[in-house]
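# Tertiary structure, described
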Amino acid sequence: MPIWEHTVSETTSPPGPGADAPPSTVSARRAAVAGGVGTLIEYYDFSVYAFLAVTLGPLFFPSDEPGVSILLTLAVFGSAYVMRPIGGWFFGRLGDRRGRKHALVVTVVTMGAFSGVLGLLPDFATAGVLAPVLLVLVRLAQGFSAGGEIGGAATYVAESAPPGRRGLYGSLTPVGSTLGFSVAAAVVGLVTAFTTPEQMTAWGWRIPFLIAVPLALVCLWVRVKLEDTAEFESMARRNEVVRSPLLSVVRERPGAVLRVVGIAIAMNGTGYVGLTYFSTYLIGTEGFDPGSVYWASAIGIALACATYPLAGMLTDRFGRRPVLLSAYVLYLLIAWPAFALLGATSSIVVVTLVYVVYMAVNGLAQVPAFPQFTELFPRRVRYTGVALGFNIGTILAGGTAPYVAAQLVQSTGDPMSPAFWVFGVALVGIVTVLTLRETGRERLPV
């Protein structure tokens, strides 16, 4: 039997003498909150750029064609994802060799620092071609940091959760990452409300990026107070730390890595359309007021996030596979109506409802996925395995999703065409989930 496959008996057997005690409920809650808050701040930092794409386009990529400026700005958004696998390797190695907590502290400091730098960049009118070059470099640095965040948070929370509750406790990680987009939209909406269009173009766009610095300091304070997981401490105590987690996971668990890639393609390819493309489409193509769209997305995404703990309870009760499959089938059913409504309505209330439904379905895709990822790898390579597979899938379908959606509309003239992208990545998710065996009721592999 290949080394990357486990039998049920290997992962469900009761702990023997000397086995690690299960985490306490108090420490599990503390870990889940710290993971969720940190991921929220990290993804706020990362996603502010997407909500400001319409403003940043003419500033950094001036063109006679507004659509070209927006496409170039979205391409830079996607460029950050090029660094995510490298960040996943770096922070995965750090987390598997030095500790989960250590890696998660470094990720949030790095992201906060470079978000602040982005808010201080000169625009094209000031620095010429140097401006977009600097923009790309800073986004690459942000992508490097983001590459280590969510895989580490998922690992930390899963290793800290009580048996049979990894879905519920782990739901705070996607709540954090998704709510980060909501907070980013709200902050951009506030700045837009209190500035004129001229002020927003001149200096207002810098404020959301600069706010990232104090937010990062708050997250740093939360995370430095944490202890590392008992799983990692036990691994270190028993000298199970491997010299090269990346080589080990690629050699021993290639099937697991590919499954994480497939689920990440589906989860991010569907989710990022709602998180980043909807606002660009509504403002740039449909002519909605930017402030109204920012608030609609902030409220809609936040309301959707309120359903994520329910998805966590569902996946703990019924397993990972049924909930994941239901999410991708629902995307096949709602993608076309969602784009049809956005293209036909002038009501911001309808737009908000589309956000709520679309992102609630994404909760059914995200919440089971993160504990599923951690259940595919033993602890000695868990951080690296999750980060590697997730970031490869994200670069293939997450960062590219808003650009592909905008390009489809630009090239076909059909505002409904991004629905076909959603169909495609959802089918990838269905096929991948069918190759998984159910692990929701088993102990994490040791």
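Further up the page is the structure itself.
Every chain is numbered on its own, with residues counted from 1 as its sequence reads. Residues qualify for local features only when their pLDDT is at least 70, as the model is predicted, and side-chain atom pairs are given and counted only at 80 or more; totals for whole chains, interfaces and linings, by contrast, use all residues. Water and hydrogen atoms were dropped before computing side-chain values, which therefore reflect all heavy atoms in the structure.

### Some details on the overall build of the protein
Note the following rule: Secondary structure elements are defined from DSSP: runs of H or I of at least 4 residues count as helices, runs of E of at least 2 residues count as strands, and each element is numbered from the N terminus. A radius of gyration in this sense is built from C-alpha atoms; the matching globule rule multiplies 2.2 Å by the number of residues raised to 0.38. For every residue, the accessible area obtained with a 1.4 Å probe (protein chains only) is divided by the maximum for its type, and the residue is called buried under 20%, exposed over 50%, and partly exposed between those limits. Note on definitions: a residue-residue contact is assigned when non-hydrogen atoms from the two residues lie within 4.5 Å. Here the Shrake-Rupley method, with its probe set to 1.4 Å, supplies the accessible areas, and only the displayed protein chains count as covering residues.
Per the secondary structure count, the protein includes 22 helices and zero strands. Here the protein has a C-alpha radius of gyration of 21 Å; the compact-globule value for 446 residues is 22 Å, and the two agree. If you line up the protein on its principal axes, its C-alpha atoms span 70 × 40 × 35 Å. The buried share among the 446 residues of the protein stands at 58%. Partitioning the contacts of the protein with sequence separation of at least 6, the portion at a separation of at least 24 is 88%. Of the accessible surface of the protein, which amounts to about 16,500 Å², a share of 70% is contributed by carbon and sulfur atoms.

### With respect to the side chain of Thr394
What counts here: Counting of polar contacts relies on pairs of N or O atoms within 3.5 Å, with two restrictions inside protein: one atom must be capable of donating a hydrogen and the other of accepting it, and residues adjacent in sequence are counted only when both atoms are side-chain atoms.
Residue placement: Thr394 occurs in helix H20 (residues 382-397). A polar side-chain atom of Thr394 sits 2.6 Å from the main-chain carbonyl oxygen of Phe390. Beyond its immediate sequence surroundings of up to four residues, Thr394 is in contact with Tyr81, Arg84, Ala264, Asn268 and Gly399.

### Structural notes on helix H18 (residues 320-344)
Spacing of three or four residues puts side chains on the same side of an α-helix, whose turn is 3.6 residues. Definition in use: One less than the residue count of a helix, multiplied by 1.5 Å, gives the span that helix is expected to have.
With 25 residues, H18 ought to run about 36 Å at 1.5 Å a step, and its terminal C-alpha atoms sit 36 Å apart, in line with that. Along H18, the residues classified as buried are Arg320, Val323, Leu324, Ala327, Tyr328, Tyr331, Ile334, Ala335, Ala338, Phe339 and Leu342. Turning to H18, the residues buried within the fold contact helix H9 (166-170), helix H15 (254-284), helix H17 (308-318), helix H19 (348-374) and helix H22 (418-434).

### Remarks on a nonpolar patch on the surface
Short version of the rule: Note on patches: the residues involved have over 30% relative accessible area and no salt bridge, like charges join within 9 Å, and the nonpolar side chains Val, Leu, Ile, Met, Phe, Trp and Tyr join within 5 Å. Think of a salt bridge as a Lys or Arg side-chain nitrogen and an Asp or Glu carboxyl oxygen that are within 4 Å of each other.
Residues Phe124, Val129, Leu130, Val133 and Leu137 make up a contiguous nonpolar surface patch of about 450 Å² in total accessible area. Tracing the backbone through its elements, the reader meets Val133 in helix H8 (residues 130-160). Using a relative accessible area of 42% as the deciding quantity, one classes Val133 as partly exposed.

### Structural notes on the pattern of salt bridges
Taken as a whole and assessed by the stated rule, the structure comprises 11 salt bridges. Put simply, Arg100 and Glu159 hold a salt bridge, and the shortest N to O gap is 2.7 Å. Separated by 59 residues along the polypeptide, Arg100 in helix H6 (residues 100-118) and Glu159 in helix H8 bring together distant segments of the chain. One salt bridge connects Glu159 with Arg382, and the closest N-O pair in it is separated by 2.7 Å.

### Looking at the packing of helix H5 (residues 84-97) against H6
In plain terms, the rule: Axis geometry follows a simple rule: fit a line to the C-alpha atoms, using only the stretch in contact for helices, then measure angles between N-to-C directions, giving values from 0 to 180 degrees. Amino acids outside the nonpolar list (Ala, Val, Leu, Ile, Met, Phe, Trp, Tyr, Cys, Pro) and the charged list (Asp, Glu, Lys, Arg) are all regarded as polar, and Gly is one of them.
Close contact between H5 and H6 brings their axes to 6 Å; oriented N to C, the two are set at 145 degrees. Of H6, the residues touching H5 (which contributes Phe91, Leu94, Gly95 and Asp96) are Arg100, His102, Ala103, Val106 and Thr107. Of the residues assigned to the contact of H5 with H6, the class counts are four nonpolar, three polar and two charged.

### A word on the packing of aromatic side chains
Selection criterion: Here a pair means two rings of Phe, Tyr or Trp (six-membered ring of Trp) with centres within 6.5 Å. Their orientation is stacked below 30 degrees between planes, edge-to-face above 60, and tilted elsewhere. Over a ring means this: the NZ of a Lys or the CZ of an Arg is within 6 Å of the ring centre and within 35 degrees of the ring normal.
For the structure shown, the criterion picks out 21 aromatic pairs. Ring plane angle 40 degrees and centroid distance 6.5 Å describe the contact between Tyr277 and Phe339, whose orientation is recorded as tilted. With a gap of 62 residues between them, Tyr277 in helix H15 and Phe339 in helix H18 connect regions that are remote in the sequence. With respect to burial, Tyr277 and Phe339 carry one shared label: buried. By the ring-pair criterion, three or more aromatic residues cluster together here, those being Tyr277, Phe278, Tyr281, Tyr331, Phe339, Tyr355 and Tyr358. Its guanidinium or amino end placed over the ring of Tyr49, Arg139 lies 4.6 Å from that ring's centre, counting from NZ or CZ. One residue, Arg317, lies across the ring of Phe318, its end atom 5.0 Å from the ring centre.

None of this, on its own, says anything about what the molecule does.
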